[in-house]
Amino acid sequence: MSVKTEVFKIVTIEFKTSSQCEEVNKIALNDFEVDGIEEFSMEEERVDEILGERAYSGGDVPESVIDEVVDISANEDVKKFNYFFFQGDISRAEEFANTLDQMDLSYEIKEEEYSDWNEVWKKHYAPIEVTDELSVIPEWFKEDDYKTNDNNIYIIPGMGFGTGEHETTYLCLKHYMAVKDDFKDKDLCLDFGCGSGILGIGAVKKNNMLVDFVDIDPAALDNCHENLKLNLVEDRLNGHRLIARKRFSVDDKYKLVFANILKHVLLSEKDLLLESLDDGAYLILSGILNEQVDDILEEYKSLKKIDVLSKGDWSAILMKKD
């Protein structure tokens, strides 16, 4: 008896702007329930050319080498493109393509045989070291007693809500780790536009902060809830809240606020974010293209600028309310 080979489809899209990419990602997730999204900003051949023999050395790529690739790509006309994966009911890929036609986007659909979806997916992800004291770990690398390991944030990649792979998430965590010693147990934290919850989860793990997770997308809040359960023992789940944006108002003042969103949202939500800050609080803003930093600093000039970090096309700003 022959065994039917399952297939999956990959839709590849090249984007001209980051905002265009964000819009299509939301459509893929919300309207077509895409099974996974991979984001790339450089073709593999170019990466190998930059790395030379180091491209074949095996093991984890050191952060210094990644920074080298990012620095070079920032000065080149680099293609930015996403792979959208559809498994099971792969007719969704064609329906997704019809929407792309209406948006006048060029794309390619490729069909592949399905052997082991997990392995296909997993090969693209490895642990990400933010600092010596904090790493972002794909869920399948978790070790015994992983929920008590406060140096690791565990995440299920591919959900499109923030996995640590993107520069903005990484930069936010870098800023947070630089000031984490200024927070104490049970301080309040706001993760505004939380997505996967990775930033707020970091604040729980490293400082035992009480976090309000806020997002406009119900699917993001569901994903955040799953990641909270993945990372924390039951006792540590108490005291945190998941709140839809339309239901959120500033009832408390926060010692730490993350807002990893896009420039236009940082501007439209400026009053709320400023109102949410307690005296001496830190505000970490990201989702900001490098050329947008000065505009954001001007809009938030009532706060003290502490530091700006950049990686690739993206920047994150650390500010403080005196």
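What you are looking at is a predicted structure, and each value in this text was computed from that prediction instead of being measured.

Visitor: What should I look at first to understand the sheet that holds strand β7 (residues 152-155) in this one?
Guide: Strand-to-strand pairing in sheets goes through backbone hydrogen bonds, with the strands running parallel or antiparallel. Strand order across the open sheet formed by three strands is β5-β6-β7, with mixed pairing between neighbours. Edge positions in the open sheet fall to β5 (128-131) and β7, since each of these has one partner strand only. Averaged over neighbouring strand pairs, the angle between their axes works out to 20 degrees when direction is ignored. Across four bridges, the pairing between strand β6 (residues 134-138) and β7 is parallel. Bridging from a neighbouring strand, S135 pairs with N152 of β7.

Visitor: Honestly, the packing of aromatic side chains in this entry has me stumped. Any pointers?
Guide: Centre distance and the angle of the planes are the two values used to describe a pair of aromatic rings. Inspection of the entire model under this criterion finds nine aromatic pairs. Between W140 and F141, the aromatic rings sit 6.4 Å apart at their centres with planes inclined by 45 degrees, giving tilted as the arrangement. On the accessibility criterion, W140 (24% relative accessible area) is partly exposed. Aromatic side chains Y176 and F183 sit 6.2 Å apart centroid to centroid with 20 degrees between the ring planes, which places their arrangement in the stacked category. Exposure class is identical for Y176 and F183. Each is buried. Counting every residue linked through ring pairs, the aromatic cluster contains F32, F84, F86 and F96. Looking at K142, its charged tip hangs above the ring of Y146, at a distance of 5.6 Å from the centre. Between the NZ or CZ atom of K311 and the centre of the ring of Y170, over which it lies, the distance is 4.9 Å.

Visitor: How do you make sense of helix α7 (residues 198-207) when you look at a structure like this?
Guide: Side chains of residues three or four places apart in an α-helix project in the same direction, reflecting 3.6 residues per turn. Most of α7 sits inside the fold, with 10 of its 10 residues counted as buried. Every buried residue of α7 is listed here: I198, L199, G200, I201, G202, A203, V204, K205, K206 and N207. One or two residues past the end of α7 sits N208, with phi positive at roughly 55 degrees.

About the thresholds
Residues numbered from 1 in each chain as written. Predicted model: local features only at pLDDT ≥ 70, side-chain atom pairs only at ≥ 80, totals over all residues. Heavy atoms only, no water. Pairing = 2+ DSSP bridges. Helix = DSSP H or I, 4+ residues; strand = E, 2+ residues; numbered from the N terminus. Axes fitted to C-alpha atoms, helices over the stretch in contact; angles between N-to-C directions. Phe/Tyr/Trp six-rings, centres within 6.5 Å; stacked < 30°, edge-to-face > 60°. Buried < 20%, exposed > 50% of the residue type's maximum accessible area, 1.4 Å probe, protein only. Lys NZ or Arg CZ within 6 Å of the ring centre and 35° of its normal.

By themselves, these are just geometric observations and shouldn't be taken as functional.
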